[in-house]
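Structural characterization, general
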Amino acid sequence: DGEAGKDNDTEWRDSGEEDFNHSGVQEGLYRDLTKRREDIEKREKALATRQALLEAAERELDQKVRELTGLRTEIEGLLVKQSEEELARTASLVRIYEGMKAKDAARIFNSLDTDVLLQVLTKMSERKSSPILAEMDAERARTVTILMSQQQQLPQLPPQ
């Protein structure tokens with residue numbers, strides 16, 4: 001029994017009763033947690049900086065898109081205006097050449113740029129253009145006739 005009493009005299013200690021404030025394990029955990037918190041704070045700052053940069057870049061990109069859209073609209077307007085002016089110039093040339101004698105118009109058509117010649121001839125009435133073609137150099141008239149017929153043909157789609 002004496003020994004049994006000895007066992008009863010020893011104080012029972014719970015692990016929670018031990019003083020961990022100064023233990024090496026708790027200090028190590030505290031350092032690790034502190035380092036992790038600092039790392040997380042650094043990452044949060046880096047992410048906040050990135051987000052701010054991305055938002056600024058997005059605003060700038062939106063601005064550029066708006067500017068490009070405005071430029072595109074302006075260019076489309078200029079192209080329409082240019083097409084209208086080009087049509088007006090071609091119509092004017094057509095009237096000029098239809099009013100000339102066939103021999104005089106043919107002499108000019110023999111040396112005229114092919115693209116301009118095609119634009120004018122395709123807009124002229126057949127009644128006015130046929131005498132001019134008859135007065136033109138035979139080879140030049142043949143070339144222009146071939147080009148005019150090719151312009152009127154629709155392109156062939158490749159077989160599927």
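Everything below is about the structure shown above.
What you are looking at is a predicted structure, and each value in this text was computed from that prediction instead of being measured.

Re the overall build of the protein chain
Summing up its helical and strand segments, the protein chain has 6 helices and 0 strands in all. Counting across all 160 residues of the protein chain, residues that qualify as buried make up 12%. Partitioning the intrachain contacts of the protein chain with sequence separation of at least 6 by distance along the chain shows that 66% fall at a separation of at least 24. Roughly 14000 Å² of accessible area belongs to the protein chain as shown, and the carbon and sulfur atoms make up 53% of that amount.

Here's the deal with the nonpolar core
The tendency in soluble globular proteins is for nonpolar side chains to be buried side by side. Core analysis: the biggest nonpolar cluster contains 15 residues, and Phe-109, Leu-121, Met-124, Ile-132, Met-136 and Val-144 have the highest contact counts within it. Where this core is concerned, the elements lending two or more residues are helix H2 (24–99), helix H3 (102–111), helix H4 (114–123) and helix H6 (138–152). For this core, the element with the most residues is H4, which contributes 4 residues. Beyond its immediate stretch of four places on either side in the chain, Ile-132 contacts Tyr-97, Ala-102, Ala-105, Ala-106, Phe-109 and Met-124.

Things to note about the side chain of Arg-140
By secondary structure assignment, the location of Arg-140 is in helix H6. Buried charge without a partner: Arg-140 forms no salt bridge, and the closest opposite charge is Asp-137, 7.0 Å away. Only 3.3 Å separates the side chain of Arg-140 from the backbone oxygen of Asn-110, close enough to count as a polar contact. Setting aside chain neighbours within four positions, we find Arg-140 in contact with Phe-109, Asn-110, Ser-111, Leu-112, Asp-113, Thr-114 and Leu-117.

Section: H3
Within the sequence span of H3, burial applies to Ala-105, Ala-106 and Phe-109. Buried residues of H3 fall within an arc of 100° about the axis and therefore sit on the same side. Away from the buried face of H3 by more than 90 degrees, exposed residues Lys-103, Arg-107 and Ser-111 are located.

Structural notes on the packing of H2 against H4
Between H2 and H4, the least distance of the axes is 9 Å, while the angle of their chain directions is 70°. In terms of orientation, H2 lies roughly perpendicular with respect to H4. On the side of H2, the interface is formed by Glu-86, Thr-90, Leu-93, Val-94 and Tyr-97, while H4 contributes Gln-119, Val-120 and Lys-123. For the contact of H2 with H4, the residue count by class is 4 nonpolar, 2 polar and 2 charged.

Focus: the pattern of salt bridges
Evaluation of the coordinates by the stated rule reveals 5 salt bridges. Across the pair Arg-37 and Glu-41 runs a salt bridge whose closest N-O atoms are separated by 4.0 Å. Taken together, the positions of Arg-37 and Glu-41, both in helix H2 and 4 residues apart, correspond to about one turn of that helix. Classification of Arg-37 by relative accessible area gives exposed; the value is 52%. Note that Arg-107 and Asp-104 form a salt bridge whose closest N and O atoms lie 3.2 Å from each other.

Let's talk about the side chain of Ser-129
Among the structural elements, Ser-129 can be located in helix H5 (residues 126–135). With a relative accessible area of 8%, Ser-129 lands in the buried category. Sequence-distant contacts of Ser-129, defined by excluding residues within four places in its chain, comprise Leu-121 and Met-124.

Rules and cut-offs
Residues numbered from 1 in each chain as written. Predicted model: local features only at pLDDT ≥ 70, side-chain atom pairs only at ≥ 80, totals over all residues. Heavy atoms only, no water. Helix = DSSP H or I, 4+ residues; strand = E, 2+ residues; numbered from the N terminus. Buried < 20%, exposed > 50% of the residue type's maximum accessible area, 1.4 Å probe, protein only. Contact = heavy atoms within 4.5 Å. Areas by Shrake-Rupley, 256 points an atom, 1.4 Å probe, with all protein chains shown as cover. Core = buried A, V, L, I, M, F, W, Y, C linked by side-chain atoms within 4.5 Å. Lys, Arg positive; Asp, Glu negative; His and termini not counted. Salt bridge = Lys/Arg side-chain N within 4 Å of Asp/Glu carboxyl O. Polar contact = N/O pair within 3.5 Å; in protein donor to acceptor, adjacent residues only side chain to side chain. Arc of directions from axis to C-beta. Axes fitted to C-alpha atoms, helices over the stretch in contact; angles between N-to-C directions. Parallel < 35°, antiparallel > 145°, perpendicular 65-115°, else oblique. Nonpolar A, V, L, I, M, F, W, Y, C, P; charged D, E, K, R; others polar.

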